[in-house]
Amino acid sequence: MKKKLLLIPLALLLALSLVAIGCPTPPEETTPPTTAPPTTPAPPAKDEIVLGQAIALSGPYTIGAGVTQVAPNDMWIEEVNAEGGIYVEEYGKKLPLRLIRYDDTSDVGTQVKLTEKLILEDKVDFILGPWSTAMWFAIAPTVNEYKYPVIAPTVDSLQLREMWEEIPYLFIHLNQPKEKAEAMVDMALDLGVETMVAGHLQDLHGIEYAQGVVPQLAAAGVEVLAYKSFPIGVKDLTPMLKEFKSLNPDAAFIFAYPDENFLITAQSIEVGFNPKLFFCSIGIAFSPYREIFGAETVEGMMGAGAWHPSAPYTGAKEFWDRMTAWSGPGGTDWLGNAYCYSAVQVLQQAIEGAGTLDRVKVRDYIASATFDTVIGPVYYEKQLNMQVPGHVGQWQNGEFHIVAAKELATADIIYPKPAWPTP
Amino acid sequence: MLTTILDIVIGGLITGGIYALIAVGLSLQYGVGRVLNVSHGEFIMIGAFATYSLYVLFGISPLLSLVICGPFLFILGFLIHRTLFQRLRDTSESIDVFEGNSLLASFGVLFIIQNLALIIWKANIRGYTYLVYPVNIFGATFTTNRLIVLLFAVVISLGFYIFLTRTRLGKAIRAAAQDPTTAALSGVNIKQVLAICFGLGALMAGFAGPLISMIYQITPTMGMEYTIIAIIVVVLGGLGSITGSLIGGFILGLIGSIVTHFDPGLSLVAYYVIFILLLLVRPTGIMGK
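Residue and element names in this part refer to chain A. Mapped onto the fold, His308 is located in the loop between β12 (302-304) and α13 (316-327). A relative accessible area of 4% places His308 in the buried class. Sequence spacing of His308 and Val374 is 66 residues, and the spatial spacing of their C-alpha atoms is 9.7 Å. If near-sequence neighbours (up to four positions away) are discounted, His308 is found in contact with Trp334, Glu399, Phe400, His401, Ile402 and Thr410. A polar atom in the side chain of His308 sits 2.7 Å from the side chain of Glu399.

Rendered as structure tokens:
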């Protein structure tokens, strides 16, 4: 009886773990059905443009999806509809937008099934797409099979980028680790950083990003005093941070997600670890980061990727005013919101420019035109967005400014980083 | 050397204290009531968010929130058991069938609570800073809030242990854990005791939530992470053994801290290695019989 009782929780534990990390879908389910892709004859009459989106509304991806992507998507739809819709030349009128949104429950298999449902059953005109690299990776074959152009503002993957020829309908919109890493290396060398410590999360993001930065800095003569990794779900990193502190480096580079970066910030304050340059990759650009620790505390902290409303791009400031009003000052993402909004701006301008809802034509238009957006003039080479508003951001007076690359900066770098305020 | 040892031990006890609290809660619900409550983490989340809201909106101290959240969640847990799980228990053919049914029902509870929280608090990361003054203990530095978490975790755990061993209700709970049928024959009102056990499990979540919110950032979807830890500790400590869960929580925290000191990358690996080793060597858990 005892043994039996033990087996039950063990089996359940396994099941729970799978739920938590998102069950991988068996290969036969991820492969798109072999039915012929529907051709896209222009329907005789059209009163609306139907958009489809499967995205995490529950499960572990909900927070990232909600803060970064859902809010700017919803705001854009409301704005477009307030103007009467998107003008489509082949219909000679504006067509309002209607969104069909499903919850992918943060599960990759569910995401793929729902994307197919949106295409085959709901027959949506365009797809807005999910949140996170793994999800975009999973739907790449599906959207290509059915020729649905998608603009991915929340994907960060070397692998996907290298597959560009096989996935002509997927456009990578976010700036990618390679370029971000190069800008960081230049910045650190410019500042005269001589010693550093690094820590990364044991996942693709942490490993790829750290490998883009740490060896390059070492090769340029920066002494790497410690190079650590840590797992997802870690709850106490004070031993690592105490060791970092004892090494007294000029710079600390952390490559991790919000959970770990928020923890590292809190525990660095606790152990008094305050290097002259303190960079943590993801989540630093979230307004909640400033709300939780306070503007004074986060002053000088750096994060991956950057955008600022004062950058010289059409409508940037107005967009940020509206976004802040929409999500509240504590609910925005200084980097991701602009990227996600500019991605739908591209879709809108591509439909207007191509003058049709024919997805093949819209895809070709996206691939060849330049789009005026809140992150600047976007154009794609090998389906990769070449326009980048900034690679490194830094909190300064409660705002997340662009500080690298140098030519994109909206403020001078604060270096050395100020001490943590005394409580 | 002393500083390093203190760093490791106190750091481990802080994490372990939280693990112990959440595991004791689940241990009561599963070990005694046979409800593998996968929504346990959601109760912790309610406690954490209630504390956050009370602190940010009304300036109510998180420590005061402990005595608000704990009893509130106790009542909620008690009522959920009386209305949902007791009915399932009555209508299930056997205790094994009940385990399966109650697991499914608790998944339902999980989704209801999580989605309500997403509606109320939105999909966002929250947190606040509270008592982050550094305290120096023989060279080892900790912030006040973390030490308070440790203190409260130990006090609550000890208090609960005394309650179980010294009070009449505590004895009834232990009797119900060992053999519900005989306990019922001996005059224990088993329905009442099971509902109280579930309520006490929620009470522990109601204590753990505010403490967690004092030192970590919180999200409406944070629950599952803590549920999984609780399940590990419950199995580690021995099913049905509340003392085992208490000890198991602290042991897991300490092991995590020792391993993190040498290589943070191996901290979670260590948890699972211990877990597997224990199951191989002593499948009934530390205190299981």
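There's plenty left to go through after this.
A few words on helix α7 (residues 177-191) of chain A. All names here are of chain A. Between the first and last C-alpha of α7 there are 21 Å, a value that for 15 residues agrees with the 21 Å anticipated at 1.5 Å per step. Restricting attention to buried positions, one finds in α7 the residues Pro177, Lys180, Ala181, Ala183, Met184, Val185, Met187 and Ala188. The secondary structure elements touched by the buried residues of α7 are α8 (204-219), β10 (251-255), β11 (277-280), β12, β17 (392-396) and β18 (399-404). Note on α7: the residue one or two positions beyond its end, Gly192, has a positive phi of about 80°.

Turning next to the packing of helix α9 (residues 238-247) of chain A against helix α10 (residues 258-271) of chain A. Residues and elements named next belong to chain A. Remark: α9 packs on α10, axes separated minimally by 9 Å, with the N-to-C direction vectors making an angle of 55°. Classified by the angle between their axes, α9 and α10 sit oblique to one another. Read as a crossing pair, α9 and α10 show a hand that is right-handed. Contacts from Thr238, Met240, Leu241, Lys242 and Lys245 of α9 reach α10 at Ile264, Gln267, Ser268, Glu270 and Val271. Here the residues of the contact of α9 with α10 are counted per class, giving four nonpolar, three polar and three charged.

This paragraph deals with the interface of chain B and chain A. Contacts between the two partners involve 55 residues from chain B and, on the opposite side, 49 residues from chain A. For the chain B and chain A pair, buried surface summed over both sides reaches about 4,300 Å², with 66% attributable to carbon and sulfur atoms. When residues of chain B are sorted by the area they lose upon contact with chain A, B:Ile125, B:Gln217 and B:Pro264 head the list and together hold 13% of the total. Summed over the shared surface of chain B and chain A, the result is four salt bridges. For the pair chain B and chain A, the interface holds twelve residue pairs in polar contact (both at pLDDT 80 or more). Breaking the side of chain B that touches chain A down by element, the ones donating at least two residues are α1 (2-32), α4 (95-121), β2 (140-143), α9 (223-237), α10 (242-262) and α11 (267-281) of chain B. Here the residues of the side of chain B that touches chain A sort into 29 nonpolar, 17 polar and nine charged.

To continue, consider the domain arrangement of chain A. Residues and elements named next belong to chain A. You can read the domains of chain A as domain 1 (46-175 + 314-385) and domain 2 (178-308 + 390-408). Placing the centre of domain 1 and that of domain 2 at their C-alpha centroids yields a distance of 29 Å. Each partner contributes to the interface: domain 1 provides 20 residues, whereas domain 2 provides 22 residues. Interface area for domain 1 against domain 2, summed over the two sides, is near 1,700 Å², with a carbon-plus-sulfur share of 58%. Among the residues of domain 1 in contact with domain 2, Asn175, Trp334 and Leu335 are the three that bury the most area, contributing 42% of the side total. Where domain 1 meets domain 2, there are two salt bridges.

Residue and element names in this part refer to chain B. Relative to each other, α1 and helix α5 (residues 144-166) sit at 40°, their axes nearing to 9 Å. The pairing of α1 with α5 is recorded here as oblique in orientation. Helix-helix and strand crossings are classified by hand; for α1 and α5 the assignment is left-handed. Taken together, the residues of α5 that come into contact with α1 (itself represented by Ile10, Leu13, Ile14, Gly17, Ile18, Leu21, Val24 and Leu28) are Arg146, Leu147, Val149, Leu150, Ala153, Ile156, Ser157 and Phe160. Taken together, the residues that form the contact of α1 with α5 break down as 13 nonpolar, two polar and one charged.

Attention now moves to the pattern of salt bridges. Counted according to the given criterion, the structure contains 21 salt bridges over all chains. Taking the shortest distance from any N to any O, the salt bridge between A:Asp321 and A:Lys317 comes out at 2.9 Å. With a gap of four residues between them, A:Asp321 and A:Lys317 both fall in helix α13, about one helical turn apart. When the shortest N-O distance is used, the salt bridge between A:Arg363 and A:Asp364 registers 3.0 Å. Among the ionic contacts, a cluster of salt bridges with common partners joins A:Asp236, A:Glu270 and B:Arg146.

Another point: the confidence of the model for chain A. Residue and element names in this part refer to chain A. Per-residue pLDDT for chain A averages 89, and the proportion of residues at 70 or more is 90%. Within chain A, strand β5 (residues 126-127) carries the highest mean pLDDT (98), whereas helix α2 (residues 27-30) carries the lowest (40). Between residues 1-7, whose pLDDT stays under 50, and residues either more than four places distant or in other chains, the model counts 13 contacts. Across residues 16-36, where pLDDT falls below 50, the model places 32 contacts with residues more than four positions away in sequence or in other chains.

Residues B:Leu266, B:Val269, B:Tyr272, B:Val273, B:Ile276, B:Leu277, B:Leu280 and B:Val281 make up a contiguous nonpolar surface patch of about 770 Å² in total accessible area. Relative accessible area serves as the criterion here: at 36%, B:Tyr272 is assigned to the partly exposed category.

Residues and elements named next belong to chain A. Read from one edge to the other, the open sheet built from three strands follows the order β4-β1-β5, with strand pairing classed as parallel. Each having just a single partner strand, β4 (97-103) and β5 make up the two edges of the open sheet. Looking at chain direction, strand β1 (residues 49-55) and β5 are connected through two bridges and run parallel. Among the inter-strand pairings, Gly52 is bridged to a residue of β5, identified as Ile127. Helix α3 (residues 62-82) contacts β1 and β4 of the sheet and is inclined by roughly 160° relative to β4. Contacts from helix α4 (residues 108-120) reach β1, β4 and β5, with the element oriented near 170° to β1.

With that settled, consider the packing of aromatic side chains. Enumeration according to the criterion identifies 29 aromatic pairs over all chains in this entry. Seen in terms of ring centroids, A:Phe262 and A:Phe293 are 6.2 Å apart; in terms of plane orientation they differ by 55°. Their pairing is tilted. Taken together, the residues span a long stretch of sequence, with A:Phe262 in helix α10 and A:Phe293 in helix α11 (residues 287-293) at a distance of 31 residues. The exposure classification of A:Phe262 matches that of A:Phe293, with both residues buried. Here a set of aromatic residues connected by ring pairs shows up, and it is made of A:Trp307, A:Phe319, A:Trp320, A:Trp334, A:Tyr341, A:Trp395 and A:Phe400. The lysine or arginine in question, A:Lys242, covers the ring of B:Phe142, its NZ or CZ lying 4.5 Å from the ring centre.

What counts, and where the lines are drawn
Residues numbered from 1 in each chain as written. Chains lettered and ligands numbered in written order. Predicted model: local features only at pLDDT ≥ 70, side-chain atom pairs only at ≥ 80, totals over all residues. Heavy atoms only, no water. Helix = DSSP H or I, 4+ residues; strand = E, 2+ residues; numbered from the N terminus. Buried < 20%, exposed > 50% of the residue type's maximum accessible area, 1.4 Å probe, protein only. Contact = heavy atoms within 4.5 Å. Polar contact = N/O pair within 3.5 Å; in protein donor to acceptor, adjacent residues only side chain to side chain. Expected span 1.5 Å × (residues − 1). Axes fitted to C-alpha atoms, helices over the stretch in contact; angles between N-to-C directions. Parallel < 35°, antiparallel > 145°, perpendicular 65-115°, else oblique. Left-handed = near helix turned anticlockwise from the far one by under 90°. Nonpolar A, V, L, I, M, F, W, Y, C, P; charged D, E, K, R; others polar. Buried area = accessible area lost by both parts, 1.4 Å probe. Salt bridge = Lys/Arg side-chain N within 4 Å of Asp/Glu carboxyl O. Domains from an automatic or database assignment. pLDDT = per-residue confidence, 0-100. Patch = residues over 30% accessible without salt bridge, like charges linked within 9 Å, V, L, I, M, F, W, Y side chains within 5 Å. Areas by Shrake-Rupley, 256 points an atom, 1.4 Å probe, with all protein chains shown as cover. Pairing = 2+ DSSP bridges. Phe/Tyr/Trp six-rings, centres within 6.5 Å; stacked < 30°, edge-to-face > 60°. Lys NZ or Arg CZ within 6 Å of the ring centre and 35° of its normal.

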